Amino acid sequence: MTQRAKIDTDGSETEAVDPPVVHRPAGLTSAEVAERVARGEVNDVPVRSSRSTTEIVRANVFTRFNAIIGVLWVIMLFVAPIQDSLFGFVIIANTGIGIIQELRAKKTLDGLAVIGEAKPTVRRDGTAAEISTAEIVLGDLIELGPGDKVVVDGEVAEADSLEIDESLLTGEADPVVKKPGDRMMSGSFVVAGGGAFTATKVGREAYAAQLAEEASRFTLVHSELRSGISTILKYVTWMMVPTAIGLIISQLVVKDNNFKDAVARTVGGIVPMIPEGLVLLTSVAFAIGVVRLGRKQCLVQELPAIEGLARVDVVCLDKTGTLTEGGMDVTELRPLNGADETYIRKVLGALGESDPRPNASLQAIIDAYPDTVEWRCTEALPFSSARKYSGAAFSEGDGENSTWLLGAPDVLLPAGDPTLTEIDHLNEQGLRVLLLARTAHELDAPGVAADAHPTALVVLEQRLRPDAGDTLAYFAEQNVATKVISGDNAVSVGAVAGKLDMPGAANTVDARTLPTDREEMAKVLDENAVFGRVTPQQKRDMVAALQSRGHTVAMTGDGVNDVLALKDADIGVSMGSGSEATRAVAQIVLLNNSFATLPSVVAEGRRVIGNITRVATLFLTKTVYSVLLAVLVVCSQVEYPFLPRHLTLLSTLTIGVPAFFLALAPNKERAKPNFVRRVMRYAIPGGVIAAAATFTTYLLARHHYSGEGALEAETSAATLTLFLVSMWVLAIIARPYTWWRLTLVATMGGAFLLVLVVPWLQDFFALKLVGTTMPWAAVSIAAAGGLLLEVTWRWVSRRFPA
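Thresholds applied
Residues numbered from 1 in each chain as written. Predicted model: local features only at pLDDT ≥ 70, side-chain atom pairs only at ≥ 80, totals over all residues. Heavy atoms only, no water. Core = buried A, V, L, I, M, F, W, Y, C linked by side-chain atoms within 4.5 Å. Buried < 20%, exposed > 50% of the residue type's maximum accessible area, 1.4 Å probe, protein only. Helix = DSSP H or I, 4+ residues; strand = E, 2+ residues; numbered from the N terminus. Contact = heavy atoms within 4.5 Å. Pairing = 2+ DSSP bridges. Axes fitted to C-alpha atoms, helices over the stretch in contact; angles between N-to-C directions. Parallel < 35°, antiparallel > 145°, perpendicular 65-115°, else oblique. Left-handed = near helix turned anticlockwise from the far one by under 90°. Salt bridge = Lys/Arg side-chain N within 4 Å of Asp/Glu carboxyl O. 1 Å grid on protein atoms, 1.4 Å probe; cavity = no way out; pocket = protein on both sides within 12 Å on 5 of 7 lines; lining within 4 Å. Points joined across faces, edges and corners; volume = space filled by probe spheres on them. Nonpolar A, V, L, I, M, F, W, Y, C, P; charged D, E, K, R; others polar. Patch = residues over 30% accessible without salt bridge, like charges linked within 9 Å, V, L, I, M, F, W, Y side chains within 5 Å. Areas by Shrake-Rupley, 256 points an atom, 1.4 Å probe, with all protein chains shown as cover. Phe/Tyr/Trp six-rings, centres within 6.5 Å; stacked < 30°, edge-to-face > 60°. Arc of directions from axis to C-beta.

A. Region of interest: the nonpolar core. Core analysis: the largest hydrophobic core is formed by 89 residues, its most contacted members being F87, I612, V615, L618, F675 and F752. Sort the elements by how many residues they give to this core and helix α21 (residues 598–636) lands first, with twelve residues. Contacts of F675, omitting those with residues within four sequence positions, involve E224, L225, G228, I229, I232, I612, T613 and A616. Of all hydrophobic cores here, the second largest spans 37 residues; its members include L293, L472, V493 and F595.

Below you can see the structure in the form of structure tokens.
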């Protein structure tokens, strides 16, 4: 070891000790990397943010209902005019729209995934560089720091107080200290310290590879909305099959009609039973939501997260990186107990130099007090969220050795210490305070912080996010409770929340006083809004306590200490600049690091859920009245009143076109549970009334008309009634009215009127009202049905509230 002169900041000359030379492994050479790539020993797990193009096409084309409609379409092409086959072209258009929209969403997601992709640091040819996860080869030396995720399996090569959290794999919450030679599992992450490990398994052989691929994949499943629609479609299928069989027998055997006409009317009865556009509109609404959020640099890693965040009623926020920006500034240094400020500056500079991956607090200290004295760091204790402090031991070069701790004053100082009163005054101003203390114990001693001698206070000012106040106000307006859960001092956190006018900011709780019982903890959480000195495990417990009371919880964060809570929350939201581990477990990543993007995600989810609930009522009302009409026809042994062209026209004007616009309209209503119940409570009475009114008109028309052309006249009268009742359903669904909603309803009504008055359209759709008695009777019956619809739906709203 050599010694050399060193000029201190005060101008005096001391002997500085050069640190010993450390030989670090150089990693693979470029030739070795090329050789492994040629052998296929590459981490080629295709972690995708979206389904492949083939999967998208297959999912949209090969559906149960497309198969049924496809068969019926082929039959109709052979037995009836092209007008009766229009429903087949509508299905082709719908499927095409679904594919195009989902491909747009895929393109957006894939682009954002590349931006947000983790870039592990790999050492090759003695130089460290960031590469994509897919470029890692067997034998690569991968460097690690706090918050980094272990992307492949390996063996520890270097360890500097390296602590790994394997809870996402093993369920064990306590960090595991790793030493050279220990095994590393992909899917775990670093909570403290640093080091490097050699990749021993890559690609699909890695422990968590398949798990990671599935977790990161774009999906349209596991949401209440989609599972509810699947349940509805299952029941529809059960109703449809026996009804269709009865209709076929009735029209082909019992009535002994003209064969082609009987087939056409049978198909006309079966096709409208299928809510074919409902699944399409759900997919389109989700896909457009992804594209809209993508434009705001919001990566939705799991599609149902859009829906989930709309259902959230509690948002848990981590202060640092969410309410405040990541960076901090040192505003004051206060020596304690007569300590020399010049010497303190040297200590702080050396502490900053001792940590190769400083957090935001230490980085502010490094910026304010750069290292000017080459003290030799003999041992380091990296910062841990559980400990609330870091430390280092130094050989000062003049024969003196010293050990220092830097961290939370209320953790390092005993209760009742007079210094804490001074710190409280600073915390009340929203300032963050760290205590520099000297300890006589070894860093690895269990009681290293015991009897630590306070030397100085480092006062830090946090930079508030300019948009945080408006975002908190938005959640307050939307009746979404916000809870600030931070590892910092509770008073300081409360002061920051108070500056942002957060409701309940005055009610601060020190998490060290929280009860461990889940029910008791949930009660405290409901009554208060700001929590400080929260450990990572407590964050997880707090999320579980809120969920135990029926809350849907979203958790935001960017640090490694937030990972467990993010994973357990209903919706995890990570900042793009956050640690690799938080981005990996979060469902939503805000790539622009802006907390202000969250209201957009909430609004998008509410739009999707609220609007799909609206349009689902339209589709299922049609299914109910179609099934009932078929049953009534079978029981009455009469011809089915409609040809496919009639119901294609009605479906297009009263459901298809309006539903598309309504599904994409703004909607701020908070999402409610029990999707199936909420839809069916309106669809069933609506369908029953529409079927009853239509069949009544049809039976009256059968008694009124006779002779040649009677069936066409009867069909026209029944179609008029069904259209008017369906329009009444649409008019109710479209409320509350705006100019464009009224225009939409009026346009659909005008289009049907056009069909009734233009001769070639009358011929094309086989619709011609005969006389005046039955047309006006049809209108009267429809009006009665509409009034009954209003009364029934209002009664249902009161009797069966959502």
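B. Structural view of the environment of I75. The topology assignment puts I75 in helix α3 (residues 64–79). Put simply, I75 and K260 are 185 residues apart on the chain and 10.0 Å apart in space, counted from C-alpha to C-alpha.

C. Structural detail: the pairing of strand β5 (residues 141–144). Alternating positions in β5 separate into two faces, L141 and E143 on one and I142 and L144 on the other, with burial throughout. With three bridges connecting them, strand β3 (residues 121–124) and β5 associate as antiparallel partners. When the bridges of β5 are listed, R123 appears paired with L141. Relative to strand β9 (residues 189–201), β5 is paired through four bridges, and the arrangement is antiparallel. Counted as the bridge partner of E143 is A196 from β9.

D. Region of interest: the environment of A616. Tracing the backbone through its elements, the reader meets A616 in helix α21. For the pair A616 and L278, spaced 338 residues apart in sequence, the C-alpha to C-alpha distance is 6.3 Å. When near neighbours in sequence (up to four residues on either side) are disregarded, A616 contacts L278, F675 and V679.

E. Looking closely at the packing of α21 against helix α24 (residues 710–733). Between α21 and α24, the shortest axis-to-axis distance is 10 Å and the interhelical angle comes to 155°. It follows that α21 is roughly antiparallel to α24 by the angle criterion. Classified by chirality, the crossing of α24 by α21 is right-handed. Across the interface between the two elements, R614, T617, L618, T621 and Y625 from α21 touch L722, S726, V729, L730 and I733 from α24.

F. Spatial organisation of the pattern of salt bridges. Inspection of the entire model under this criterion finds 20 salt bridges. A salt bridge links D140 to R124; the shortest N-O distance between them is 2.6 Å. Residue D140 is located in the loop between β4 (127–130) and β5, and its partner R124 is located in strand β3; the two are separated by 16 residues in the primary sequence. The shortest N-O distance in the salt bridge between R540 and D568 comes to 2.6 Å. Of this pair, R540 sits in helix α18 (residues 536–548) while D568 sits in helix α19 (residues 563–568); the two residues are 28 residues apart in sequence, bridging distant segments of the chain. Judged by relative accessible area, R540 falls into the buried class, the value being 18%.

G. A look at empty space enclosed by the protein. On inspection of all chains with the given rule, the structure shows two cavities of 30 Å³ or more. The volume enclosed by the largest cavity comes to roughly 60 Å³. What lines the largest cavity is simply L618, T621, K622, Y625, T654, I655, S726 and V729. Broken down by secondary-structure element, the contributors of at least two residues to the lining of the largest cavity are α21, α22 (644–663) and α24. Here the element with the most residues in the lining of the largest cavity is α21; it accounts for four residues. Partitioning the lining of the largest cavity into residue classes produces four nonpolar, three polar and one charged.

H. Region of interest: a nonpolar patch on the surface. Together, V74, L77, F78, I82, F89 and I92 make up an exposed nonpolar region whose accessible area comes to about 600 Å². Going through the elements one at a time, α3 and α4 (86–116) are the ones with two or more residues in the nonpolar patch. Secondary-structure assignment places V74 in helix α3.

I. Representation of the sheet that holds strand β22 (residues 571–575) in the model. If you walk across this open sheet you meet the eight strands as β10-β23-β22-β21-β11-β18-β20-β19, and the pairing is mixed. In this open sheet, the two edge strands, each paired with only one partner strand, are β10 (298–300) and β19 (508–510). Going from strand to strand, the sheet's axes swing by 20° on average, the running direction of each strand aside. Across four bridges, the pairing between strand β21 (residues 553–557) and β22 is parallel. The residue of β22 that forms the bridge with A554 is I571.

J. Spatial organisation of the packing of aromatic side chains. Under the counting rule described, the total for this entry stands at eleven aromatic pairs. Between Y474 and F475 the ring centres are 5.7 Å apart and the planes differ by 65°, which places this aromatic pair in the edge-to-face class. Take Y474: its relative accessible area is 18%, and that puts it in the buried class. Taking the relative accessible area as the measure of exposure, F475 reaches 2% and is therefore buried. Connected via pairs of aromatic rings, a cluster forms that spans Y343, W375, F394 and W404.

K. View of the side chain of S594. Checked against the element boundaries, S594 lands in the loop between β23 (588–590) and α21. Judged by relative accessible area, S594 falls into the buried class, the value being 13%. Leave out the neighbours within four places in its chain, and S594 touches R465, D467 and M575.

L. Quick look at helix α14 (residues 418–427). Where α14 is concerned, the buried positions are T419, L420, I423, L426 and N427. Relative to the axis of α14, the buried residues are bounded by an arc of 110° and lie together on one face.

M. Examining unusual backbone geometry more closely. A cis geometry characterises the amide bond from R735 onward to P736, with omega recorded as -5°. On the secondary structure map, P736 appears in the loop between α24 and α25 (739–757). Of note in this structure, S161 is not a glycine but carries a positive phi near 50°. Within the secondary structure layout, S161 lies in strand β6 (residues 153–165). Backbone geometry places Q297, a non-glycine residue, at a positive phi of 60°. With respect to the element layout, Q297 can be found in the loop between α9 (276–295) and β10.

Taken by themselves, the reported measurements are silent on function.
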